[in-house]
Amino acid sequence: MRSKFLVGGALAVLLLTTSAQAQNAPPAPRAVPAPIAPMNHPGEWRSSKLIGLSVYNMQNEKVGDINEMLIQPSGKVTGFVVGVGGFLGMGEHDVLLTLEQIKFVNQPVRTSNAPVTPNTTGSGTTPAPARAANERWYPDHAVVNGTKDQLKAMPQFKYNN
């Protein structure tokens with residue numbers, strides 16, 4: 001019985017001295033990361049930022065959101081699936097819009113209750129502030145020519161599993 005305690009005590013002392021030596025060891029040298037060069041791709045958008053993008057009609061009324069992009073194997077975008085109506089995804093009507101039916105806009109949507117301030121250009125409104133550099137990878141919103149009811153009347157887009 002006594003030998004078990006001696007062996008256990010010796011193991012404990014060995015573990016404690018090993019961990020103490022490891023704590024006092026000098027840290028391994030770290031590799032210095034290479035500087036990251038910013039990539040400049042003007043006019044290109046990130047597809048991940050297009051999913052969920054709000055879609056408005058010509059009267060600045062929100063009609064839906066982009067749910068999906070359809071891309072050919074060659075990489076050409078053939079259309080956008082827009083979810084119209086519904087609440088929190090329930091009862092939403094998906095429609096397929098071609099590139100000719102949807103327009104992407106970089107300027108923020110002007111709401112009907114936004115104050116209009118005169119400017120010196122004669123257009124009667126102050127232009128929207130310039131977007132930050134980190135927001136140029138995607139448009140602010142999309143615009144379609146049609147009402148929510150007209151989009152709901154379009155054939156529903158169905159996914160083939």
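Residues numbered from 1 in each chain as written. Predicted model: local features only at pLDDT ≥ 70, side-chain atom pairs only at ≥ 80, totals over all residues. Heavy atoms only, no water.

(A) Fine view of the pairing of strand β6 (residues 141-144). Burial of the side chains of β6 extends over both faces: H141 and V143 are buried on one face and A142 and V144 on the other. Relative to β6, strand β1 (residues 54-56) runs parallel, the two sharing 2 bridges. Of the residues in β6, the one forming a bridge with Y56 is V143. Sheet topology places strand β5 (residues 102-105) next to β6; 4 bridges connect them, and they run antiparallel. Note on β6: the bridge partner recorded for F104 is A142. (Buried < 20%, exposed > 50% of the residue type's maximum accessible area, 1.4 Å probe, protein only. Helix = DSSP H or I, 4+ residues; strand = E, 2+ residues; numbered from the N terminus. Pairing = 2+ DSSP bridges.)

(B) Spotlight on the nonpolar core. Counting 16 residues, the largest nonpolar core has I66, I102 and F104 as the members making the most contacts within it. Residue assignment for this core shows that the elements contributing at least two residues are β2 (62-71), β3 (77-84), β4 (93-97), β5 and β6. (Core = buried A, V, L, I, M, F, W, Y, C linked by side-chain atoms within 4.5 Å.)

(C) Molecular detail of the packing of aromatic side chains. Per the counting criterion, the structure on display carries 3 aromatic pairs. When the ring of W45 is compared with that of F104, the centres are 5.2 Å apart and the planes differ by 70°; the resulting orientation is edge-to-face. In this pair, W45 is assigned in the loop between α1 (2-24) and α2 (47-50) and F104 in strand β5, connecting sequence segments 59 residues apart. Accessibility expressed as a relative area gives 36% for W45, which makes it partly exposed. An angle of 70° between the planes, with centres 5.2 Å apart, marks the rings of F80 and F104 as edge-to-face. One end of the pair, F80, is in strand β3; the other, F104, is in strand β5, and 24 residues separate them in sequence. Each member of the pair, F80 together with F104, is buried. (Phe/Tyr/Trp six-rings, centres within 6.5 Å; stacked < 30°, edge-to-face > 60°.)

(D) Examining the sheet that holds β5 more closely. One open sheet holds the 6 strands; their spatial order is β4-β3-β2-β1-β6-β5, and the pairing between them is mixed. If you trace the sheet from one side to the other, it starts and ends with β4 and β5, each paired once. Ignoring strand direction, the axes of neighbouring strands in this sheet form an average angle of 35°. (Axes fitted to C-alpha atoms, helices over the stretch in contact; angles between N-to-C directions.)

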